[in-house]
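# Coordinates in review
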Amino acid sequence: MKLYEKSAAELSLLLKKSEVSSVEIVQSFIDRIDRVEPQIKAFVSYTPESALVMARFIDDKRMRGEEQHPLAGIPVAVKDNICTEGIRTTCSSRILENFIPPYDAAVIESLKKAGMPLLGKTNLDEFAMGSSTENSAFHATRNPWNPDMVPGGSSGGSAAAVASAMVPLALGSDTGGSVRQPASFCGITGLRPTYGRVSRYGLIAFASSLDQIGPFSTTALDNALLLSVISGYDLRDSTSLPNSVPEFHSDLEIDCKNLRIGLIRQDPSDGFDPEVIAAVKKQAAFLGDAGAEIEEISLSMIDCGLGAYYLIAPSEASSNLGRYDGVRYGLCIEGEDIESMFSDTRGRGFGPEVKRRIIIGTYALSAGYYDAYYLQAMKVRTLIRREYEEAFKKYDLLLGATTPTPAFKLGEKVDDPLQMYLSDICNLNDALAGIPSLSVPSGIHSTGLPMGIQLSAPPLQEGTLLKIAHFLEQRNENHPKRPGIQLTEEGSA
Amino acid sequence: MHYETIIGLEIHLELQTSSKLFCGCSTSFGQEANTNCCPVCLGLPGTLPVFNKRAIELAVTAALALNSDIQLQSRFDRKNYYYPDLPKAYQISQYEQPLAKGGYLEVEFESGLRRINLERVHLEEEAGKLIHAGDSIFGADYSLVDYNRTGIPLLEIVTAPDIRSGSEARKFLETLRSILLYSGASDCKMEEGSLRCDANISLRPVGSQGYGVKAEVKNMNSFRAVETALYYEAKRQEKILAGGGTVIQQTCHWDEAEKITIPIRSKEGSSDYRYFPEPDLLPLTLDKDFISRIAESLPEMPGKRRARMAEHYGLGESELDIFIENRPLADFFEAAAEKYDDYKNLANWVQGDFLYQLRENDKKPEEIKPELFVELLTLLEKGQINRPVAKELLAEMIQNGSSPKELVEEKGLGRIAGGEKLIPLIEQVIAENPDAVENYRQGKEKAITFLVGRVMALTKGRADPGELNKLLREKISQQ
Ligand SMILES: [Zn+2]
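Residues numbered from 1 in each chain as written. Chains lettered and ligands numbered in written order. Predicted model: local features only at pLDDT ≥ 70, side-chain atom pairs only at ≥ 80, totals over all residues. Heavy atoms only, no water.

## Side note on the interface of chain A and chain B
At the junction of the two partners, chain A supplies 38 residues and chain B supplies 33 residues. Surface buried jointly by chain A and chain B totals about 2,800 Å² across both partners, of which 60% is contributed by carbon and sulfur atoms. If you sort the residues of chain A by the area they bury against chain B, Ser238(A), Arg323(A) and Arg328(A) come out on top, with a joint share of 21%. Counting every contact that joins chain A to chain B gives 1 salt bridge. Across the pair Asp280(B) and Arg200(A) runs a salt bridge whose closest N-O atoms are separated by 3.0 Å. When residues of the side of chain A that touches chain B are traced back to their parent elements, those giving at least two are helix H9 (304-320), helix H10 (338-349) and helix H11 (352-365) of chain A. Here the element with the most residues in the side of chain A that touches chain B is H9(A); it accounts for 5 residues. Broken down by class, the residue content of the side of chain A that touches chain B amounts to 19 nonpolar, 12 polar and 7 charged. (Contact = heavy atoms within 4.5 Å. Buried area = accessible area lost by both parts, 1.4 Å probe. Salt bridge = Lys/Arg side-chain N within 4 Å of Asp/Glu carboxyl O. Helix = DSSP H or I, 4+ residues; strand = E, 2+ residues; numbered from the N terminus. Nonpolar A, V, L, I, M, F, W, Y, C, P; charged D, E, K, R; others polar.)

The structure is reproduced here in structure tokens:
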């Protein structure tokens, strides 16, 4: 087995036993990227040199016998809306094409502190707006399971990079499903932590009250390891939670006997693929067989999430994206006067989806419309939060499909924004409620594409989600963890 | 028809914090452009604001001093608009839930004491500064932006339309300034832009209750400018109304050189700021203890203090003026007055030699110990030193904080008094200056002054001139 096919935890063990060096590990992934990336196009910026520098540094430390984080020397990729000092951070937008932040995001500081070499910045839908990673200003990313399909979005670059073994771990950001949906489409594990669990400092804002950074991995253990690295209180983010962070990876065993699980009713009549529903039921059955109490439930607010989300997120985005005016950084189209400079810079700098949402948000916040749209959406958001609070009085967690269908074709929904928005339908309510939510693979569809299930828990209960994911992972041993792309590659075992 | 002028003011005040409202950057004035900036106050992508607790303390202090009702729960909103000096394209401000509501000031107008009500007091962040190569942003070849000011905490104070003339507006601002200076919330320097004022002004027929169409006047850079501009604008509107015309709602710039108001935009096209709650900050929750702690530490306000000082110390108007204008000096006076009860004499010294020496030595009243000053005055009063020595000691006390008593002992500066010490010196001077003695005998009074001066010189100024004068006359007449 090649090094790049191993999980981060396996690699960590090899490092600990001094059977390999970090440089060898990083080099293995670099070689993999060199072969696979031309097909997948997961990266916006690629930083093998600095990754090797970090790997060498970690190897030296290890040789001196210094204590190290379990993930020290394990490479990682980061979505390109997370600021990296000295490395351009583009949000896959023309307007930030040449923006080089003079500072690191809080999570980047954490990765550096843990000693994780950064292999590159991954592609996304421009400013994290989209569900297919086709809205990148640079190029679309392909699904490693089938290059005709989208990897999902907006963190499609990170998901595809992990799924195609170009990195063992990656960070994405989830505003309304942008970690979970691509995790499901790419057949890996993706977690959206509780809002406030991970600092947003340095995450370029799309919708501030919804954005949350989350880890991608092939296993629950890897996910837990990375979550432990990036979680924690940060003084620079006022919405950061002061709660202490458990070592999520230290104990992933769970006794299902005391678990009460709410199985969210999802119907073919609502556009859910029957195989997707069957896969969810199969996973529920695993849990039921182990002693968990499973009960079907219907969430009455589930249909309201879409409307509320597509008012709140664009409203905040319209404000957050105001700063790209050509005055201080990024693209600047000089004009006759200040007005034309602003409008030409923004006109040429932003792509159509970003413009669409800025216009929706601007409209929703305008005098005379605020009460009817934004305020109403905030009320719906409160109701959604309450419905979850009620549900969690009865259940330890909720279970359902991550997406109604497996990945769709590139170009299939590009011209139909509403269809595109619907692919996140299962992910929006958790985001609006600020609760943790995880997607774990649930099997392979007859089309050969992976499917995923979504687990949601009360605030700060990421531990429970990871334990269940770990449990299901072991029951799913027969499912291939890697897409077929490795088989087309020359010289691979 | 007679018209009545209705004026409401919007005052912006920079709070005197050492760091900015949402980051740790320095707020010091006059630094090289764009040196007091960080990613947060520049609004670079990914950055987030964090409250400066000191700014909130000062805002609460100021609001309490203005009798405004502090809200236990307030909130920050985004005010969205485009301008090059606004790095995030929104200003974090308070809109629906301000820090404090209501409030008032008692202002002594010519017509008597009247209460001017306040609508609200809220916190917001300052914008940057544009420097145009030309007259305005539109005609300029280029414009430069200095973001040093961006993010400095601002307090906005909005009055009710309770002001009736330019001079009332000026008097109100002077009162407001003295209260805010007293509270320590701001240095209120209009010339450095730390206190700015916009005015809404309209006219209505005397006796009517409604409001006329108002104009907004901006860019008034001194209290005098406020007074002049509002008189001008009232006159302008009166001319229009008297001629049967209608005033249009617009924003005007006060042109200080030409002494006229110039319309800059009409209100119809006014911006829609698309306010919504700032998602990057939690609502601001203040607890009652925090507010009452600040309320307790609040100094006595100038109006009250003036009345009390007049009554308790029997001070005159001009002394009161100095003390009310200069709170630390008044504090010093009162601290000294606890141990020294000749208030009149104390006041004379404090506002006279003491203040003079402070300025000479670039010191502040709070740097000097009042008990040392009392020590000095007591030495003088008991006749242990004379006035010239007292002044010399005062200077040293202010320079080095040294004790006058110890200085007197150290340097032997005690007064030389009594016959046995002075008479030998007097005899020496009489012997050395026979001409002067002769002149005195022939009735020339000036000669005695000369002789006193000679003895004084021998004592290095430590004798009492009165006593010396007496002894000298006695001695000459005995000869
Ligand atoms: Zn700053």
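## Brief notes about helix H4 (residues 288-297) of chain B
In an α-helix, one turn spans 3.6 residues; hence positions three or four apart end up facing the same way. All names here are of chain B. Along H4, the positions that sit buried rather than exposed are Phe-290, Ile-291 and Ile-294. In an axial view of H4, the angular spread of the buried residues amounts to 95°, which keeps them on one side of the axis. H4 presents Lys-288, Asp-289, Arg-293 and Glu-296 as exposed residues on the side facing more than 90 degrees away from its buried surface. Buried residues in H4 make contact with helix H1 (53-65) and strand E2 (69-70). (Buried < 20%, exposed > 50% of the residue type's maximum accessible area, 1.4 Å probe, protein only. Arc of directions from axis to C-beta.)

## Notes on the sheet that holds strand E4 (residues 169-174) of chain A
Residue and element names in this part refer to chain A. Sheet architecture is open: 11 strands sit in the order E1-E3-E2-E4-E6-E5-E10-E11-E9-E7-E8, paired in mixed fashion. In the strand order of this sheet, the two ends are held by strand E1 (43-46) and strand E8 (293-297), each with one partner. Sheet twist, expressed as the average angle between the axes of neighbouring strands with direction ignored, equals 25°. Bridging between E4 and strand E6 (residues 212-217) involves 5 bridges; their strand directions are antiparallel. Its bridge partner lying in E6, Asp-174 is registered against Gln-212. Contacts between helix H5 (residues 156-163) and the sheet are confined to E1, strand E2 (76-79), strand E3 (118-122), E4 and E6, with E4 contributing the most and set at about 155° to the helix. (Pairing = 2+ DSSP bridges. Axes fitted to C-alpha atoms, helices over the stretch in contact; angles between N-to-C directions.)

## Quick word on the environment of Tyr147(B)
Within the secondary structure layout, Tyr147(B) lies in the loop between strand E10 (143-146) and strand E11 (153-159). Residue Tyr147(B) is classed as buried on the basis of its relative accessible area, which comes to 5%. For Tyr147(B), the contacting residues outside a window of four places in its chain are Val327(A), Arg328(A), Lys20(B), Asn34(B), Asn36(B), Cys37(B), Leu42(B), Pro84(B), Asp85(B) and Pro87(B).

## Quick notes on the coordination of the zinc ion
All names here are of chain B. At this site the zinc ion is bound by Cys-23 (SG), Cys-25 (SG), Cys-38 (SG) and Cys-41 (SG), with donor distances of 2.2 to 2.4 Å. Seen from the zinc ion, its 4 donor atoms lie at angles of 98 to 116°, and the figure they make is tetrahedral. Read in sequence order, the donor residues coordinating the zinc ion give the pattern C-x1-C-x12-C-x2-C. Per residue, the accessibility class of Cys-38 equals that of Cys-41, and both read buried. (Donors = N, O, S within 2.8 Å, 3.2 Å for Na, K, Ca; no water. Tetrahedral: all angles 85-135°; square planar, octahedral: opposite > 155°, others 65-115°.)

## Looking at the sheet that holds strand E16 (residues 276-277) of chain B
Taking strand neighbours across the sheet as the criterion, the 3 strands line up as E5-E4-E16 (chain B) in an open arrangement whose pairing is antiparallel. Each edge of the open sheet is held by one strand with a lone partner, namely strand E5 (90-93) and E16 of chain B. Note: strand E4 (residues 77-80) of chain B against E5(B), 4 bridges, orientation antiparallel. Across the sheet, residue Arg78(B) finds its bridge partner in E5(B), namely Ile92(B). Strand contacts of H9(A): E4, E5 and E16 of chain B, with the helix running at about 60° to E4(B), the strand carrying the most contacts.

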